[in-house]
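Secondary and tertiary structure notes
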Amino acid sequence: MQNTPNTSISVFGLGYVGLVTALSFAEMGFDVIGCDVDAEKIRRLKNREIPFFEPGLKNLLDENLSNERIQFTDIYEHAVRNSSVLMICVGTPLNEKFEADVSQVESVLTAIAQHINGFKSVVIKSTVPVGTSRRADQIIRAANPTCDIEVASNPEFLREGSAIEDTMKPSRVIVGCDHPRTTDILRRIYEPFLKNGNPFIVMSPESSEMSKYAANCMLALRISYMNQLSQLCERTNADIEEVRKGIGSDPRIGPHFIYAGVGYGGSCFPKDTRAFSEWAKSLDVNLSLVSQTIEANNNQREKVLGRILKNMTPEPCTISFWGVAFKAGTDDIREAPSIYFAQELLRMGYRVQVFDPLANDAFKKYFSGNKELQVYSNQYEATEGSSLLVVLTEHKSFRTPNFQKLQSAMKKYQIFDGRNVYNPQIIQEAGFDYHGVGRSI
Ligand code: UGA
């Protein structure tokens, strides 16, 4: 099957999902228009500045601006009129009732209804409550009864830090659509991304919307289960890392998303677990496994804090963090466990010194004005005078510490390994007290 030669794609909302999607389609040879209401973001993108760190993104931006396959605009009319596939990638943050707020999606739908010219496939990639795609169709038709549109749900499964790889070689593309024409258009535009033979799965819009939440909640559930097991391991001689290998080698379980640690964070799992369980309640369904996943995640943070404090003297001293991003390879600190630990330790009177190869600026901004929290541009300087080094993110540069540098900087030689990145024996042989997650040491 060939690419449809003149399919042009507009992407609405240039956050993580939108910008990566827009640039990935441009990279595959499509003409793409990226549209966002934030005029300053558009100005910066045109100026080749990326709004957040993501490996490989800057190169894609440079390349596709140079070859004119991508253009950026804050004018909805331009983006609606000049493409036949309109992808909605705006945010759906939680509202005060912990439901997904779809007002940004609705704004885009209103703009589409207003400016529509000819046939359009409207593709919802934002994470939205089940039923939104069908409602989107009604919203556009109510505003413009004669328009020629077809709506599809097409959830995104990219991960921060490997977003381009995930988009270029998706494990699957899910399309929830009742319309053969739009299904066929989407099959064609995704064809170059599925050369590896991974599946293009067609289903109802409701099943597709549900699949997105179901996937994130299942992954979060696996992590919470491992975190709970890690607490059990700490009370016995079992080691969660050995248990992980023991169970992950069962093909029915598999090795992914079973790493115990300081609790999951980020812009997706915390939001989606909450939104999904709240939405289920509204249908009188008790998704107790998902609500307990959330509870277990909060509990893991508290338990880890307890273990960090266990070996500290009662009088406050300095504690260092290596890594504050919610995971490796990103500068994102949204819902990062590091924020909770820093807030709690500062509240108790400790001084906190921090280094992260990517997220220093974001963390500094978050805690700006607090003199007891200092951010350092060198990982060893961040341990100067410190009584405990806490590893919170599994960035590569933390994996092989220079112990001499640590010993000349630190006041006490203690490491708390919140991601189990170290072999405890190596740390102990280097003269440090070692404590990890789910290990009785
Ligand atoms: C997650 C999903 O993995 C993506 O498939 C999805 O598209 C995305 O949410 C989204 O909904 O937009 P992301 O939030 O980028 O992606 O990060 P993950 O790699 O899933 O990690 C989430 C959190 O779980 C991190 O804090 C990470 O450290 C933690 N984690 C992950 C663990 O504690 N243990 C694990 O074994 C894996």
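Below or above, wherever it landed, is the structure these notes cover. (Residues numbered from 1 in each chain as written. Predicted model: local features only at pLDDT ≥ 70, side-chain atom pairs only at ≥ 80, totals over all residues. Heavy atoms only, no water.)

1. A closer look at the pairing of strand β14 (residues 433-436)
Pairing of strand β13 (residues 414-417) with β14, which is carried by four bridges, proceeds in the parallel orientation. Along β14, the bridge assignment pairs Gln 414 with Asp 433. As for the winding sense of the linkage, the β-α-β connection from β13 through helix α16 (residues 424-429) to β14 is right-handed. (Pairing = 2+ DSSP bridges. Helix = DSSP H or I, 4+ residues; strand = E, 2+ residues; numbered from the N terminus. Right-handed = clockwise from strand over helix to strand, strands pointing away.)

2. A short note on helix α1 (residues 16-27)
Over its 12 residues, α1 extends 16 Å from the first C-alpha to the last, a length consistent with the 16 Å expected when each residue adds 1.5 Å. Among the 12 residues in α1, 10 count as buried, and that is most of the element. Listing the buried residues of α1 in full gives Tyr 16, Gly 18, Leu 19, Val 20, Thr 21, Ala 22, Leu 23, Ser 24, Phe 25 and Ala 26. Residue Gly 29 follows α1 closely and has a positive phi angle near 105°. (Expected span 1.5 Å × (residues − 1). Buried < 20%, exposed > 50% of the residue type's maximum accessible area, 1.4 Å probe, protein only.)

3. Some words on unusual backbone geometry
A positive phi angle, near 70°, is found at Arg 48, a position not held by glycine. Assignment of secondary structure puts Arg 48 in the loop between α2 (39-46) and α3 (57-66). Judged by its relative accessible area of 32%, Arg 48 is partly exposed. With a phi angle near 60°, Phe 98 is a residue other than glycine that sits in the positive phi range. Secondary-structure assignment places Phe 98 in the loop between β4 (85-88) and α5 (103-115).

4. Topic: the sheet that holds strand β11 (residues 373-375)
What links the strands of a sheet is backbone hydrogen bonding, and the strands pair in either a parallel or an antiparallel sense. The six strands are arranged β11-β10-β9-β12-β13-β14 in an open sheet whose pairing can be described as parallel. Each edge of the open sheet is held by one strand with a lone partner, namely β11 and β14. Neighbour to neighbour, the strand axes of the sheet diverge by 20° on average, direction disregarded. Bridge count between strand β9 (residues 318-322) and strand β12 (residues 388-391): four bridges; the pairing is parallel. By the bridge assignment for β12, Phe 321 is matched with Val 390. Together, β9, β10 (351-355) and β11 form the strand contacts of helix α13 (residues 337-347), whose direction differs from that of β9 by roughly 175°. (Axes fitted to C-alpha atoms, helices over the stretch in contact; angles between N-to-C directions. Contact = heavy atoms within 4.5 Å.)

5. Remarks on the pattern of salt bridges
Close approach of charged atoms allows side chains of opposite charge to pair. On inspection of all chains with the given rule, the structure shows 26 salt bridges. Residues participating in the shared-partner salt-bridge network are Arg 48, Lys 58 and Asp 62. (Salt bridge = Lys/Arg side-chain N within 4 Å of Asp/Glu carboxyl O.)

6. Some remarks on the side chain of His 395
Following the sequence through the fold, His 395 ends up in the loop between β12 and α15 (403-409). By relative accessible area, His 395 is classed as buried at 5%. Contact partners of His 395, with chain neighbours within four places excluded, come to Gly 323, Ala 325, Lys 327, Ala 328, Gly 329, Thr 330, Asp 356, Pro 357 and Leu 358.

7. Overview of the site of the ligand
In the region of the ligand, 19 residues are neighbours, and Leu 158, Glu 160, Lys 212, Asn 216 and Arg 419 sit closest. In the model, an oxygen atom of the ligand is placed 3.4 Å from a nitrogen or oxygen of the Glu 156 main chain. A distance of 2.8 Å separates an oxygen atom of the ligand from a polar backbone atom of Phe 157. Residue assignment for the shell around the ligand shows that the elements contributing at least two residues are α9 (205-234) and α11 (269-282). For the shell around the ligand, the per-class residue count stands at 10 nonpolar, two polar and seven charged. (Near = heavy atom within 4 Å. Polar contact = N/O pair within 3.5 Å; in protein donor to acceptor, adjacent residues only side chain to side chain. Nonpolar A, V, L, I, M, F, W, Y, C, P; charged D, E, K, R; others polar.)

8. Section: the packing of aromatic side chains
Taken as a whole and judged by the stated rule, the model has 18 aromatic pairs. For the ring pair Tyr 340 and Phe 341, a centre distance of 5.5 Å and an interplane angle of 65° mean the geometry is edge-to-face. For the pair Tyr 340 and Phe 341, a shared accessibility class is recorded, and that class is buried. Members of the aromatic cluster, connected to one another through ring pairs, are Phe 25, Phe 30, Tyr 190 and Phe 193. The ring of Phe 157 carries Arg 172 above its face, with NZ or CZ at 3.6 Å from the centroid. (Phe/Tyr/Trp six-rings, centres within 6.5 Å; stacked < 30°, edge-to-face > 60°. Lys NZ or Arg CZ within 6 Å of the ring centre and 35° of its normal.)

9. A word on the environment of Tyr 376
When you line up the elements, Tyr 376 lands in the loop between β11 and β12. Between the alpha carbons of Tyr 376 and Met 28 there is a distance of 40 Å; along the sequence they are 348 residues apart.

10. Focus: the packing of helix α12 (residues 288-310) against α13
Remark: α12 packs on α13, axes separated minimally by 11 Å, with the N-to-C direction vectors making an angle of 50°. Classed by the angle they form, the pair α12 and α13 counts as oblique. Between α12 and α13 the crossing geometry is right-handed. On the side of α12, the interface is formed by Arg 301, Glu 302, Val 304, Leu 305, Ile 308 and Leu 309, while α13 contributes Pro 337, Tyr 340, Phe 341, Glu 344 and Leu 345. Tallied by class, the residues present in the contact of α12 with α13 amount to eight nonpolar, no polar and three charged. (Parallel < 35°, antiparallel > 145°, perpendicular 65-115°, else oblique. Left-handed = near helix turned anticlockwise from the far one by under 90°.)

11. Re the state of the cysteines
Enumeration over the complete set of coordinates arrives at zero disulfides. Here Cys 35 stays free of any disulfide, with the sulfur of Cys 89 as its closest cysteine sulfur at 11 Å. Using a relative accessible area of 1% as the deciding quantity, one classes Cys 35 as buried. Its sulfur unpaired, Cys 147 is 15 Å from the next cysteine sulfur, which belongs to Cys 177. (Disulfide = S-S within 2.5 Å.)

Such coordinate-based values are descriptive only and should not be taken to indicate function.
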